[in-house]
Amino acid sequence: MPAPVSAPVSAPTPDAASGTAFTPRIFSGIQPSGGLTLGNYLGAIRRFVTMQDQGGFAQTLYCMVDMHAITVWQDPDALRRNTRELAAGYLAAGLDPARSILFNQSRVPEHAQLAWVFNCVARMGWMGRMTQWKDKAGKNAEAASLGLFAYPALMAADILLYHATHVPVGEDQKQHLELTRDVAAKFNHDYGVDFFPVTEPVIEGTATRVMSLRDGTKKMSKSDPSDASRINLTDDADTIARKIRKARTDPEPLPSDYAGLRDRPEARNLVNIYAALSDQGTDQVMRTHGGSQFGAFKPALAELAVETLAPISAEMARLMQDPAEIDRTLAAGALRARDIAAPILERTYDIVGMLR
Ligand code: TYM
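Here's a quick rundown of the structure. These numbers were taken from a predicted model, which means no experiment stands behind them.

Thoughts on helix α11 (residues 282–289)
Moving on, step 1. Residues of α11 that are buried include every one of Thr282, Val285, Met286 and His289, and no others. Mapping the buried residues of α11 onto a view down its axis gives an arc of 100 degrees, with all of them on the same face. For α11, the exposed residues lying more than 90 degrees away from the buried face are Arg287 and Thr288.
Moving on, step 2. Where α11 is buried, its residues meet α10 (265–278) and α12 (294–320).
Moving on, step 3. Of the residues one or two after α11, Gly291 is the one with positive phi, at around 90 degrees.

Right under this line is the structure:
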């Protein structure tokens, strides 16, 4: 449940029924900076679909954050293609433009406008502590873009522009969401208002951190140089089966309970993926597969992965044949997003003291 917040100065639609001052509303986003991985699917997209389907939220907004993507170099044609492919992934996985608002970030200029205000609220020290900044900028921070440094303020703007109360993400985004809460709290405090909600991260399930198939201590990532480290949503059945067969493991059979996987990150990762794909708890997976050798467990996992992903990748390929239709869907989504965003930005400017 959202953290209790007192009545905002101007919430769009205060929601007494839910016991919170803010309308329950979901926002989340994915960068179109490469292909989608199984990590994106299990950690994010599949949960976007569940939250859309379960109802109870006034709106579910799912964004392709193209402005975040360009914080590191993107080839323009690749960015266009990746944005459409991400939209195709959303649609193929079950997001429905009639029920969710699907759009790319740059089509809603209010994101950049609110991000500027937040650049002036957030502190340099907060940004410098972000582990993603440290990882991505590495030792050569001098050469990193200013946008990469300010990235979390834009992310706070994405969320708070809609007064989103819930944000489904994978574990790696936790720190950014804490910063979003800090931005909201500091803005409210500095201006003496209760305008922005303190957003609730939704990090749940067995797949909040899907790990690399080559190294169980590293996150599965679209930017890993080794393609064998990840399953891409566009991989065909043979490729998926081969990658799982070759996934790094250890020589021991699976233990009889999940606790026995504590010091076996690669084995634990495969069990977590199995549990997520089959919608079972990890204990249930251990009851069925405890004692199995990987020679038996890996083909079962591969079969499950192919069964889940093949229809999605086939639908993505079909949708990608009509890019104009994808563009129309995103343009229509952006109009709906702006209807919510524009009054919140106006009110923000007013609170800050900008003449309107
Ligand atoms: P991005 O594009 O890196 O990842 C998109 C979503 O996928 C999740 N994810 C994973 N989950 C589990 N295991 C993995 N290996 C894995 N890899 C990625 C991420 O946690 C994320 O939920 N900063 C964000 C994009 C963003 C955003 C936002 C998210 C911009 N504005 C506002 C939420 C709300 C990012 O880079 O995600």
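Back to the write-up after that little detour.
Examining unusual backbone geometry
Moving on, step 1. The backbone of His163 sits at a positive phi, close to 50 degrees, despite the residue not being glycine.
Moving on, step 2. Following the sequence through the fold, His163 ends up in the loop between α7 (146–160) and β4 (166–168).
Moving on, step 3. One non-glycine residue, Asp279, lies in positive phi territory at about 55 degrees.
Moving on, step 4. As for its position among the elements, Asp279 is in the loop between α10 and α11.
Moving on, step 5. A residue is classified by how much of its surface remains accessible, and Asp279, at 68% relative accessible area, is exposed.

Side note on the site of the ligand
Moving on, step 1. In the region of the ligand, 27 residues are neighbours, and Gln31, Tyr151, Asp158, Asp172 and Val210 sit closest.
Moving on, step 2. Take Asn40: an N or O atom from its side chain is 3.1 Å from an oxygen atom of the ligand.
Moving on, step 3. Val210 places a main-chain nitrogen or oxygen 2.8 Å from a nitrogen atom of the ligand.
Moving on, step 4. Protein contacts shield 97% of the accessible area of the ligand, which totals 720 Å² for the unbound molecule.
Moving on, step 5. Its atoms largely coinciding with the cavity grid, the ligand occupies the largest pocket.
Moving on, step 6. Within the residue set of the shell around the ligand, elements represented by two or more residues are β1 (25–30), α1 (38–54) and α7.
Moving on, step 7. Here the shell around the ligand is built from residues that sort into 12 nonpolar, 10 polar and five charged.

Conventions used here
- Residues numbered from 1 in each chain as written.
- Predicted model: local features only at pLDDT ≥ 70, side-chain atom pairs only at ≥ 80, totals over all residues.
- Heavy atoms only, no water.
- Buried < 20%, exposed > 50% of the residue type's maximum accessible area, 1.4 Å probe, protein only.
- Helix = DSSP H or I, 4+ residues; strand = E, 2+ residues; numbered from the N terminus.
- Arc of directions from axis to C-beta.
- Contact = heavy atoms within 4.5 Å.
- Near = heavy atom within 4 Å.
- Polar contact = N/O pair within 3.5 Å; in protein donor to acceptor, adjacent residues only side chain to side chain.
- Areas by Shrake-Rupley, 256 points an atom, 1.4 Å probe, with all protein chains shown as cover.
- 1 Å grid on protein atoms, 1.4 Å probe; cavity = no way out; pocket = protein on both sides within 12 Å on 5 of 7 lines; lining within 4 Å.
- Sits in = over half its atoms within 2 Å of the grid points.
- Nonpolar A, V, L, I, M, F, W, Y, C, P; charged D, E, K, R; others polar.

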